[in-house]
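So you can see what is in the structure, the chains are spelled out below.
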Amino acid sequence: MVNRWYNIAADLPYPLPPPRDPDEGESRIALLSRIFPQALLDQEFTAERWVTIPEPVRGAYAKMGRPTPLMRAEALERLLGTKAHIYYKYEGVLPVGSHKLNTALAQAYYASIEGAVEVVTETGAGQWGLAVSLASALFGLKATVFMTRSSYLSKVQRRVLMEVYGATVHPSPSGVTEAGKAYGGDHPGSLGIAISEAVEYALSHEGRRYLPGSVMEFVLMHQTVIGLEAMGQLPEGPDILVACVGGGSNFGGFTYPFIGAMLRGEDYLKVRFVAAESAAAPKLSGGRYDYDFPDTAGILPMIKMYTLGRGHVTPPIHAAGLRYHGAAPSLSLLRKIGVVEARSYGQDEVLSAARLFARAEGIVPAPESAHAVKAVIDIAGEAPEGAVIAFNLSGHGLLDTDAYAR
Ligand SMILES: Cc1ncc(COP(=O)(O)O)c(C=O)c1O
């Protein structure tokens, strides 16, 4: 059982560009301490390489099923006729079905010990909202979730599960906030708009804190339990590591412990790190590296990242968790300096790859995770004999059968 998180900021060859206020208007940076629990803000900017996981969070990790398994996909290898070895770390065994619980538990814990009574967030497919709903139930907090309208309508089971855990769920854009009222009632919504709504709602009451599901550095740091466990579980040194990217949290969580060892010159020096994103939101493959707002309304400070522009309206694809215009600053920097490669895929080829994986390995991947599956299948076709490919299967798709049906 891992007892500390890894912070890649300690090993990056360049300092991370800090958040910035836009030229006009009130300071967004000053707002941060009213939005986030203070412990999380401290973690966002810490230079410490290792951060101890508080005992109650470690206990919750164990109770929820960590460490998660790492498995070899031998049947998939046979089906593909590849001589590469394929391994996957499986986060779908957690009760909410995805990696999102790793940071939700940590964030809810810090919010609770700082006296918050309610936590607020946005969600796309519902994976993050579900993780926050369970984590807040465990740490005695009320949860309010703004869910992108297209998912609210298509992912009914996840919404119901959030309510089972005690959360209140609003379709976004909603009539609850000014940021939401700016749009029509039939707008499909986007993660950017939902973030704006959640932040505005959090700011309107002192006892509320906003919990982000991705992009922030502390989120990626909490997720490093995935990669740290995988390091101890892999029976052979990897040549290629793959994960999908929405905002970058499962990718960072899985790969950063390996990338850190590589940047320190200790190990994994020849490993390739491949990010699989949606062709509908291809920020790492087709975006620009610049300061932009992480939320559509521009309430939060600007961060330097690969971005498609905060106004980018991604079509309502099945992998709703990948419908985001930007990527975490550390991941963006690693992409900029060539440590991370990116590939983007359309949803038909992705869901075909997922069906192949399901028939071989028995697990139906979440549409988001299926992007990594597709990348792995392509890479296995190009890889030399004996190459070791490991990927993060960030979640299962048992509540995404609507996507498979369509
Ligand atoms: C199962 C799953 N994988 C991946 C993602 C993408 O997010 P991130 O890039 O932060 O891991 C999501 C987002 O909702 C998700 O639900």
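In this text, all values refer to a predicted model and were calculated from it rather than measured experimentally.

Digging into the domain arrangement of the protein
Then, number 1: Domain boundaries assigned for the protein yield domain 1 (64-98 + 218-405) and domain 2 (101-212).
Then, number 2: Relative to domain 2, the C-alpha centre of domain 1 lies at a distance of 23 Å.
Then, number 3: Listing elements by their share of the side of domain 1 that touches domain 2, those giving two or more residues are α11 (217-222), α12 (224-233) and α13 (249-263).
Then, number 4: The residue makeup of the side of domain 1 that touches domain 2, split by class, is 16 nonpolar, ten polar and five charged.

A few points about the nonpolar core
Taken as a class, soluble globular proteins show a tendency for nonpolar side chains to be buried jointly.
Then, number 1: Within the largest apolar cluster, 133 residues are counted, with the highest numbers of intra-cluster contacts made by Leu105, Val242, Ala372, Val376 and Ile389.
Then, number 2: Counting contributing residues per domain, this core is built from domain 1 (64-98 + 218-405) and domain 2 (101-212), each supplying no fewer than three.

Points about the sheet that holds strand β13 (residues 340-345)
Then, number 1: Sheet architecture is open: six strands sit in the order β3-β4-β14-β9-β10-β13, paired in mixed fashion. Single-partner strands in this sheet number two, and they are β3 (70-72) and β13. The mean inter-strand angle of the sheet, taken between neighbouring strand axes irrespective of direction, is 25°.
Then, number 2: Bridging between β3 and strand β4 (residues 85-90) involves three bridges; their strand directions are antiparallel. Paired with arginine 72 across the two strands is tyrosine 87, which belongs to β4.
Then, number 3: Each of β4, β9 (240-244), β10 (272-278) and β14 (388-393) touches α13; the most contacted strand, β9, lies at about 160° to it.

Things to note about the site of the ligand
Then, number 1: In the vicinity of the ligand, 22 residues are found, and the nearest of them are Gln127, Ser214, Gly246, Gly321 and Gly395.
Then, number 2: Going through the elements one at a time, α6 (127-138), α13 and α17 (367-382) are the ones with two or more residues in the shell around the ligand.
Then, number 3: At three residues, the largest contribution of residues to the shell around the ligand is made by α13.
Then, number 4: Broken down by class, the residue content of the shell around the ligand amounts to seven nonpolar, 13 polar and two charged.
Then, number 5: When residues are assigned to domains, the shell around the ligand turns out to be shared by domain 1 (64-98 + 218-405) and domain 2 (101-212), each giving three or more.

What about helix α15 (residues 329-336)?
Then, number 1: Of all eight residues that make up α15, seven are buried, and the element is covered over most of its length.
Then, number 2: Listed as buried for α15 are Pro329, Ser330, Leu331, Ser332, Leu333, Leu334 and Arg335.
Then, number 3: On its buried side, α15 packs onto α11, α13, α14 (283-286), β11 (288-292), β12 (303-307) and β13.

Quick notes on unusual backbone geometry
Then, number 1: Look at the link from arginine 66 to proline 67: it is a cis peptide, with omega at -5°.
Then, number 2: Tracing the sequence through the fold places proline 67 in the loop between α3 (55-64) and β3.
Then, number 3: Geometrically, the link from serine 172 to proline 173 is a cis peptide bond, its omega value of 5° lying close to zero.
Then, number 4: Among the secondary structure elements, proline 173 is positioned in the loop between β7 (168-172) and α9 (178-181).
Then, number 5: In this structure, valine 215 takes a positive phi of about 70° despite not being glycine.
Then, number 6: On the secondary structure map, valine 215 appears in the loop between β8 (208-210) and α11.

Considering the sheet that holds strand β6 (residues 142-148)
Then, number 1: Here we have four strands laid out as an open sheet, ordered β7-β6-β5-β8, and parallel in their pairing. Pairing within the sheet leaves two strands with one partner each, and these edge strands are β7 and β8. Here the strands of the sheet are splayed against their neighbours by 25° on average, with no regard to which way each runs.
Then, number 2: Both strand β5 (residues 118-123) and β6 contribute to a ladder of six bridges, which runs parallel. When the sheet's bridge partners are listed, threonine 121 is paired in β6 with valine 145.

A look at the packing of α3 against helix α5 (residues 101-113)
Then, number 1: Running from amino to carboxyl end, α3 crosses α5 at an angle of 145°, the nearest separation of the two axes being 10 Å. In this structure, α3 meets α5 at a crossing whose hand is right-handed. Residues Pro56, Val57, Ala60, Tyr61 and Met64 of α3 touch α5, and the partners they reach there are Leu101, Leu105, Ala106 and Tyr109.
Then, number 2: A per-class count over the contact of α3 with α5 returns nine nonpolar, no polar and no charged.

Notes on the packing of α6 against helix α8 (residues 156-164)
Then, number 1: Two elements in contact, α6 and α8, have axes separated by 8 Å at closest approach and are oriented at 15°. Taken together, the axes of α6 and α8 lie roughly parallel to each other. Relative to α8, the crossing made by α6 is left-handed. Contact residues: α6 offers Gly129, Leu130 and Ser133, while α8 offers Arg158, Leu161 and Met162.

Focus: the environment of alanine 275
Then, number 1: Turning to its location among the elements, alanine 275 is positioned in strand β10.
Then, number 2: Given 28 C-beta atoms within 10 Å, alanine 275 falls into the buried group.
Then, number 3: For alanine 275 and lysine 89, which are 186 residues apart along the polypeptide, the C-alpha to C-alpha distance reads 15 Å.
Then, number 4: Those residues in contact with alanine 275 that lie beyond four places of it in its chain are Ala243, Val245, Phe251, Leu284, Val340, Glu341 and Ala342.

As for helix α10 (residues 191-203)
Then, number 1: Under the 1.5 Å per step criterion, the end-to-end length of α10 is 18 Å for 13 residues, consistent within 8% with the ideal 18 Å.
Then, number 2: Among the 13 residues that make up α10, twelve are buried, leaving the element largely enclosed by the rest of the structure.
Then, number 3: Here the buried face of α10 lies against α1 (32-35), β5, β6, β7, α9 and β8.

Parameters and conventions
- Residues numbered from 1 in each chain as written.
- Predicted model: local features only at pLDDT ≥ 70, side-chain atom pairs only at ≥ 80, totals over all residues.
- Domains from an automatic or database assignment.
- Helix = DSSP H or I, 4+ residues; strand = E, 2+ residues; numbered from the N terminus.
- Nonpolar A, V, L, I, M, F, W, Y, C, P; charged D, E, K, R; others polar.
- Core = buried A, V, L, I, M, F, W, Y, C linked by C-beta atoms within 7 Å.
- Buried ≥ 20, exposed ≤ 12 C-beta atoms within 10 Å, placed from the backbone.
- Pairing = 2+ DSSP bridges.
- Axes fitted to C-alpha atoms, helices over the stretch in contact; angles between N-to-C directions.
- Contact = placed C-beta atoms within 7 Å.
- Near = placed C-beta within 6 Å.
- Left-handed = near helix turned anticlockwise from the far one by under 90°.
- Parallel < 35°, antiparallel > 145°, perpendicular 65-115°, else oblique.
- Expected span 1.5 Å × (residues − 1).

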